[in-house]
Amino acid sequence: MQTNIYNIAFAESTKQAYIHFWGCNIRCKGCICKKMVYDAMLDRNAKIHMLDPKGVTAPPTRFMDLDTAVKTLIGLNVKSVLLEGQEASLDPAMPIIAKTLHRELGTTNYLLTNAFHMPNLTDIDRVVVGLKALDEKLHIDYTGESNRAILHNFESIYRSGVPMMAESVVIPGYIDAPEIGKIAKFIAGIDKNMRYQIDAYSRVGHNPWRKPTAEEIEEAVAAASKHLTNVHCFKGTELLEYNVKSIFPTEAELDAPELQPAIETREMVAA
């Protein structure tokens, strides 16, 4: 069985695997895959968030079959996995992988999803839902789709009893503190103690937006904290506490010119 898996990364110190699936059902203008297709946490990608984009990176052309993916993950003796993407829940192989890893290794399975369609949560231990915007017109402008189904499914996931959290990206002058506050108010209407992660936008593709400053991230955190008790942020300048390496493709294969990120290496984006 062929899968949509195009990248498996692994942190040896934590025994955590990052499984990336290609394909998505919304079209985010700021999708990080337009800048770097392979795991953003790879050691080789540590500084790319700070670099200017140069066009859009080519999509992956190699994908794993189900048996190879499962054997690879079992061989790594993973303790936890992040099923992410683009959109992992679109792949029929995703629930099979989650079930197999639960059975064989007793893993903790995390699903990162946009919740545009209700995902299969049978063997998922925690869900992270990316909420792009609360304002429907803004959401349509950013993703090409309404957020009505997403907001409905967000509540449905919560009612399912599977532990969950939410995350959003701050884009200065577009999806900034006021909009983050609206998203937080929506979340608080469901559970004011839910963890909410606020991330800094990294310049992508041909978009006009810049990376937010630390102060702008703090403003967004303050806006969210008016409604929620458990707000965290990632400003884009933090250093990883552990090493992450690519298993598929291999680190050597990632050195091929056609797999290089679409970035301008001469100029750094101002923090």
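Residues numbered from 1 in each chain as written. Predicted model: local features only at pLDDT ≥ 70, side-chain atom pairs only at ≥ 80, totals over all residues. Heavy atoms only, no water.

- As annotated in an unreviewed UniProt entry, the protein is Radical SAM protein from Dehalogenimonas etheniformans.
- UniProt, in its Cofactor (unreviewed entry) section for the protein, records the words "[4Fe-4S] cluster". (UniProt positions renumbered as here; feature names shortened; annotations may be inferred.)

Points about the sheet that holds strand β8 (residues 196-200)
Backbone-to-backbone hydrogen bonds pair the strands of a sheet. The strands run either parallel or antiparallel.
Okay, so step 1: In spatial order, the strands read β9-β8-β7-β6-β5-β4-β2-β1-β10; together these 9 strands make up an open sheet with mixed pairing. Each edge of the open sheet carries a strand with a single partner, namely β9 (231-234) and β10 (245-248). Neighbour to neighbour, the strand axes of the sheet diverge by 20 degrees on average, direction disregarded.
Okay, so step 2: When strand β5 (residues 108-113) meets strand β6 (residues 126-130), the two strands line up parallel, connected through 4 bridges. Bridged to Tyr110 within β6 is Arg126.
Okay, so step 3: Each of β6 and β7 (164-170) is contacted by helix α4 (residues 148-160), which is oriented at about 150 degrees to β7, the strand it contacts most. (Pairing = 2+ DSSP bridges. Helix = DSSP H or I, 4+ residues; strand = E, 2+ residues; numbered from the N terminus. Axes fitted to C-alpha atoms, helices over the stretch in contact; angles between N-to-C directions. Contact = heavy atoms within 4.5 Å.)

Here's the deal with the packing of helix α5 (residues 177-188) against helix α6 (residues 214-225)
Okay, so step 1: At a minimum axis distance of 8 Å, the contact between α5 and α6 shows a crossing angle of 30 degrees. Our classification of the angle between α5 and α6 gives roughly parallel. Seen along the crossing, α5 lies across α6 with a hand that is right-handed. Seen from α5, the contacting residues are Ala177, Ile180, Gly181 and Ala184; seen from α6, they are Glu219, Ala220, Ala223 and Ala224.
Okay, so step 2: Of the residues in the contact of α5 with α6, the class split is 6 nonpolar, 1 polar and 1 charged. (Parallel < 35°, antiparallel > 145°, perpendicular 65-115°, else oblique. Left-handed = near helix turned anticlockwise from the far one by under 90°. Nonpolar A, V, L, I, M, F, W, Y, C, P; charged D, E, K, R; others polar.)

Notes on the environment of Tyr174
Okay, so step 1: Following the sequence through the fold, Tyr174 ends up in the loop between β7 and α5.
Okay, so step 2: Spatially, the C-alpha atom of Tyr174 lies 9.3 Å from that of Tyr142, the residues being 32 residues apart in sequence.

So, the nonpolar core
Okay, so step 1: One finds Leu83, Ile97, Leu131, Phe154, Ile187 and Tyr196 to be the most contacted residues of the largest nonpolar core, which totals 65 residues.
Okay, so step 2: Once residues within four sequence positions are removed from consideration, Ile97 is found in contact with Ile5, Ile19, Phe21, Leu66, Val70 and Leu73.
Okay, so step 3: If you look at the next biggest cluster of nonpolar residues, it comprises 11 residues, including Ala11, Val37, Leu42 and Leu254. (Core = buried A, V, L, I, M, F, W, Y, C linked by side-chain atoms within 4.5 Å. Buried < 20%, exposed > 50% of the residue type's maximum accessible area, 1.4 Å probe, protein only.)

Examining the packing of helix α1 (residues 66-75) against helix α2 (residues 93-105)
Okay, so step 1: Relative orientation of the contacting elements α1 and α2 amounts to 35 degrees, with a least axis distance of 11 Å. Seen from above, α1 lies across α2 with right-handed handedness. Of α2, the residues touching α1 (which contributes Leu66, Val70, Leu73 and Ile74) are Ala93, Ile96, Ile97, Thr100, Leu101, Glu104 and Leu105.
Okay, so step 2: Class assignment of the residues belonging to the contact of α1 with α2 gives a composition of 9 nonpolar, 1 polar and 1 charged.

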